[in-house]
Amino acid sequence: MSLLFSKTALGPLALQNRLVMAPLTRNRATGNVPNELMVQYYAQRASAGLIITEGTSPSPNGLGYPRIPGAFSAEQVAGWKRVTEAVHARGAKMFMQLMHCGRIAHPLNLPAGARVLGPSAVAAAGEMYTDAEGMKPNATPQAMTGADIKAAIAEYAQAAKNAAAAGFDGIELHGANGYLIEQFIRPNSNQRTDRYGGAIENRARFVLEVADAAINAIGREKTGIRLSPFGVFNDMPVYPAMEADYTWLARELNARGLLYIHLVDHSPMGAPPVPDSIKAMFRSVFKGALILSGGYDAARAESDLAAGKCDLIAVGRPILANPDLVARWKAGAAVNAPDMSTFYTPGPKGYTDYPVLG
Ligand SMILES: Cc1cc2nc3c(=O)[nH]c(=O)nc-3n(C[C@H](O)[C@H](O)[C@H](O)COP(=O)(O)O)c2cc1C
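Along each chain, numbering runs from 1 in the same order as the chain's sequence is written. Local features in this predicted model are restricted to residues whose pLDDT is 70 or higher, and side-chain atom pairs enter the listing and the counts only when it is 80 or higher, whereas totals over whole chains, interfaces and linings include all residues. Side-chain numbers here rest on the full set of heavy atoms in the structure, without hydrogens or water.

### Description of helix α9 (residues 298–306)
Part 1 of the reasoning: Within α9, burial applies to A298, A301, D304 and L305. In an axial view of α9, the angular spread of the buried residues amounts to 135°, which keeps them on one side of the axis. Exposed positions of α9 whose direction lies more than 90 degrees from the buried face are A299 and A306.
Part 2 of the reasoning: Contacts made by the buried residues of α9 are with β14 (312–315) and α11 (325–331).
Part 3 of the reasoning: Once α9 finishes, G308 follows within two positions and takes phi at roughly 75°, a positive value. The rule is simple: take the accessible area with a 1.4 Å probe, protein chains only, and divide by the maximum for that residue type; under 20% is buried, over 50% is exposed, in between is partly exposed. Helix and strand assignments come from DSSP, with helices taken as H or I runs of at least 4 residues and strands as E runs of at least 2, each series counted from the N terminus. As used here, the arc is the angular range of directions from the helix axis to the C-beta atoms. Whether two residues are in contact is decided by their heavy atoms, any of which lying within 4.5 Å being enough.

### So, unusual backbone geometry
Part 1 of the reasoning: Phi at N177 takes a positive value of approximately 55°, unusual for a residue other than glycine.
Part 2 of the reasoning: Positive phi values are uncommon outside glycine, yet F230 reaches one of about 70°.
Part 3 of the reasoning: Mapped onto the elements, F230 comes out in the loop between β11 (223–227) and α7 (242–256).
Part 4 of the reasoning: Given the relative accessible area of 14%, F230 is considered buried.

### Description of the site of the ligand
Part 1 of the reasoning: Residues in contact with the ligand amount to 19 residues; listed here are only the nearest, P23, T25, R226, G295 and R317.
Part 2 of the reasoning: Within the side chain of R317, one N or O atom sits 2.7 Å away from an oxygen atom of the ligand.
Part 3 of the reasoning: For the accessible areas, the method is Shrake-Rupley and the probe is 1.4 Å, while residue cover comes only from the protein chains on display. Computed on the free molecule, the ligand has an accessible area of 610 Å², of which 95% lies beneath the protein chains in the complex.
Part 4 of the reasoning: Polarity classes work like this: nonpolar for Ala, Val, Leu, Ile, Met, Phe, Trp, Tyr, Cys and Pro, charged for Asp, Glu, Lys and Arg, and polar for all others, with Gly in that last group. Its residues assigned to classes, the shell around the ligand comprises eight nonpolar, nine polar and two charged. One heavy atom within 4 Å of a molecule or strand is enough for the residue carrying it to be called near that molecule or strand. What qualifies as a polar contact is a pair of N or O atoms within 3.5 Å, subject to a donor-acceptor requirement within protein and to the restriction that residues adjacent in sequence count only when both atoms come from side chains.

### Details of helix α8 (residues 276–285)
Part 1 of the reasoning: Among the residues making up α8, those that are buried are I278, K279, M281, F282 and V285. Buried residues of α8, seen end-on, are gathered within an arc of 155° and therefore sit on one face of the element.

### Things to note about the packing of aromatic side chains
Part 1 of the reasoning: Put simply, two rings from Phe, Tyr or Trp (the six-membered ring, in Trp's case) pair if the centres are within 6.5 Å, and we call them stacked under 30 degrees between planes, edge-to-face over 60, tilted for the rest. Evaluated as defined, the whole model comprises 10 aromatic pairs.
Part 2 of the reasoning: Ring geometry for F95 and Y260: centres 5.7 Å apart, planes at 40°, overall tilted. Of this pair, F95 sits in strand β5 (residues 93–98) while Y260 sits in strand β12 (residues 260–263), and the two are 165 residues apart along the sequence. For the residue pair F95 and Y260, the accessibility class agrees, reading buried in each case.
Part 3 of the reasoning: Ring geometry for F343 and Y344: centres 5.9 Å apart, planes at 85°, overall edge-to-face.

### Observations regarding the packing of α7 against α8
Part 1 of the reasoning: Axes here refer to lines fitted to C-alpha atoms; in helices the fit is confined to the stretch in contact. Angles between the N-to-C directions go from 0 to 180 degrees. At a closest axis distance of 9 Å, the pairing of α7 and α8 adopts a crossing angle of 20°. Taken together, α7 and α8 sit at an angle that is classed as roughly parallel. Crossing handedness for the pair α7 and α8: right-handed. For the pair formed by α7 and α8, the contact residues are E243, Y246, T247, A250, R251 and N254 on the first element and S277, I278, M281, F282 and V285 on the second.
Part 2 of the reasoning: Residue composition of the contact of α7 with α8, grouped by class: six nonpolar, three polar and two charged. The labels follow the angle: roughly parallel below 35 degrees, roughly antiparallel above 145, roughly perpendicular from 65 to 115, and oblique for the rest. Handedness of a crossing follows from how the near helix is turned relative to the far one, being left-handed for an anticlockwise turn of less than a right angle and right-handed for a clockwise one.

### Here we look at the pattern of salt bridges
Part 1 of the reasoning: A pairing counts as a salt bridge when a side-chain nitrogen of Lys or Arg comes within 4 Å of a carboxyl oxygen of Asp or Glu. What the rule picks out here adds up to 14 salt bridges.
Part 2 of the reasoning: In this structure, the salt-bridge partner of R67 is D131, at a minimum N-O distance of 2.7 Å. Pair noted here: R67 is in the loop between β4 (50–52) and α2 (74–89) and D131 is in the loop between β7 (127–130) and β8 (134–137), with a separation of 64 residues, a long-range link.
Part 3 of the reasoning: We classify R67 as buried; its relative accessible area is 11%.
Part 4 of the reasoning: The partner of R256 in a salt bridge is D212, with the nearest N and O atoms 2.8 Å apart. Placement of the pair is R256 in helix α7 and D212 in helix α6 (residues 205–218), with a sequence separation of 44 residues.
Part 5 of the reasoning: Given a relative accessible area of 19%, R256 falls into the buried group.
Part 6 of the reasoning: The exposure class assigned to D212 is partly exposed, which follows from its relative accessible area of 32%.

Next comes the structure, spelled out in structure tokens:
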């Protein structure tokens, strides 16, 4: 009896199985607006229980990468509505991942008038691809003023409302992988001396105010969050108080009654391992649903579900390369390998043309 492929509930939502499509940035949203190609891509993968969209910006300021979608204009909402309709028609529920890139950005990727922002004027090591000029060093962000912080929180709240208006079942705050929310949580990127910097109570103020604003906008049963404790992606080094900080954060998120926490583990992609103890801590402190991700195949998914380590399993590369992953894993069939060269390129190649079982 498979747990992975049995129906379950996520808060008020009935899911057709426990397999989640992890958020995957694919850079097909030319002009930052969801299009027909994206409708097709997501619909192909809607035999999952839950689909979480690619990182989607709540603000023009958050569009750090080329061709990522937004959730702040009427045109974007209309585009996303077509996506949710197609996905719902095939049985999956769908959440929008709200990703404000913050300092992981280059001005060449931003629309006119938008600004690269961060908690402090500290650039992330590394480079950013731009359509106009190829690879460029990550920009040095402008340190956000109190007014910038207020405005960004309001943008998250409005984007959550826009997601609901576009037919999404909820939103996932991207608090992982070195983007704006994590830039506030971590001391290397947050060197503020006001109430948003310093002790964890202050560094976590932004994420908690964003969570409160989203809850206010659409409800706690529609609000989840993704976190990457011990994640180092986008120049986010591990520091001594990491476990204590995330334990404090888990308690605060639990007190707010969020629908779920979704933990990232990028060790299968070559990142340092995430200690099992921190996953177990989240499981015991947080009473909502827990989603684990990173390097799962069907057997490991079944085993972690059976052991009660989590409620749902999210997969990235397997479902990217196998639109019919549920059917393949159910049948024990071979799977397509992902083609990394087309992860972020425009057009249908490596996006909507992966073969399905005959
Ligand atoms: C092409 C690609 C794009 C990704 N984009 C996002 C994203 O937008 N938001 C996010 O939280 N994680 C993103 N991730 C991370 C995945 O959600 C997932 O955590 C990672 O692929 C590990 O899971 P897997 O081993 O099942 O692939 C991305 C990963 C890949 C390969």
